[in-house]
Amino acid sequence: AEELKGKVKTTIKYATEPLDQLEQIDNLQRLGLAYHFQTEIRNILHGIYNNNKDDNWRNKNVYAASVEFRLLRQHGYNVSQ
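The chain has the name Terpene synthase N-terminal domain-containing protein in an unreviewed UniProt entry, where Citrus sinensis is given as its organism.

**Regarding the overall build of the chain**
Of regular secondary structure, the chain possesses 5 helices and 0 strands. By the compact-globule yardstick of 12 Å for 81 residues, the chain fits well, its C-alpha radius of gyration being 13 Å. Structurally, the chain occupies a C-alpha span of about 40 × 20 × 20 Å along its principal axes. Looking at the chain residue by residue over its 81 residues, the buried ones come to 30%. If you take every contact in the chain between residues at least 6 apart in sequence, the share linking residues at least 24 apart comes to 57%. Surface summary for the chain: the accessible area is close to 5,700 Å², and the carbon and sulfur share equals 49%. One finds the centroid of the 11 positive side-chain charges in the chain at a distance of 4 Å from the centroid of its 10 negative side-chain charges.

**With respect to the confidence of the model for the chain**
Taken over all residues, the pLDDT of the chain has a mean of 88, while the share at 70 or more is 98%. Ranking the elements of the chain by mean pLDDT puts helix H4 (residues 56-59) last with 74 and helix H2 (residues 18-31) first with 93.

**Details of the pattern of salt bridges**
This structure, assessed with the given rule, holds 5 salt bridges. Between Lys9 and Glu40 there is a salt bridge, with its nearest N and O atoms 3.8 Å apart. Taken together, the positions of Lys9 in helix H1 (residues 2-14) and Glu40 in helix H3 (residues 38-50) put the pair 31 residues apart, joining distant regions of the chain. Across the pair Arg30 and Asp26 runs a salt bridge, and its minimum N-O distance is 3.0 Å. Note that Arg30 and Asp26 are positioned in helix H2 at a spacing of 4 residues, about one turn of the helix.

**A look at H2**
Taking 1.5 Å of rise per residue, 14 residues should cover 20 Å, and H2 covers 20 Å from first to last C-alpha, within 8% of that figure. Every buried residue of H2 is accounted for by Pro18, Leu19, Gln21, Leu22, Ile25, Asp26 and Leu28. Structurally, H2 contributes buried residues whose contacts are with H1, H3, H4 and helix H5 (62-74).

About the criteria used
Residues take numbers from 1 onward in each chain, read along the sequence in its written order. In keeping with the model being predicted, local features are shown solely for residues with a pLDDT of at least 70 and side-chain atom pairs are shown and tallied solely at 80 or more, while totals for entire chains, interfaces and linings include all residues. Computation of side-chain values: all heavy atoms of the structure, hydrogens and water removed. The secondary structure listing takes helices from DSSP runs of H or I that are at least 4 residues long and strands from runs of E that are at least 2 residues long, numbered from the N terminus. The globule rule used for comparison is 2.2 Å times the number of residues to the exponent 0.38, while the radius of gyration itself is calculated over C-alpha atoms. Think of it in three bands: with a 1.4 Å probe and only protein chains considered, a residue is buried below 20% of the maximum accessible area for its type, exposed above 50%, and partly exposed in between. Residue contacts follow a heavy-atom distance rule, with two residues in contact if any of their heavy atoms lie within 4.5 Å. Computed by Shrake-Rupley with a 1.4 Å probe, the accessible areas treat only the displayed protein chains as cover when residues are assessed. The charge count includes Lys and Arg as positive and Asp and Glu as negative, but it does not include His or the ends of the chains. Charged groups are reduced to one reference atom each: NZ for lysine, CZ for arginine, CG for aspartic acid, CD for glutamic acid. Values of pLDDT, the confidence the predictor places in each residue, fall between 0 and 100. Just to be clear on terms, a salt bridge is a Lys or Arg side-chain nitrogen sitting within 4 Å of an Asp or Glu carboxyl oxygen. Expected span, for any helix, means 1.5 Å times one less than how many residues it has.

Structure, rendered in structure tokens:
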């Protein structure tokens, strides 16, 4: 189990696109495994929340905007509608 956790942490760490990171977080939550990776999830969401300058990935994709909105809201970030 620890080996698999390490592989998932590596996968999360090397995902560079914000949408890929958000999809990984969403998948971990849906599988019920997010509690194993709380620190990594918190760091990713904090980075996405604080880096609103580069929003081209979000503006061109309604799916990306909705996943970002939902995950940030679920984790307590103040995101306007």
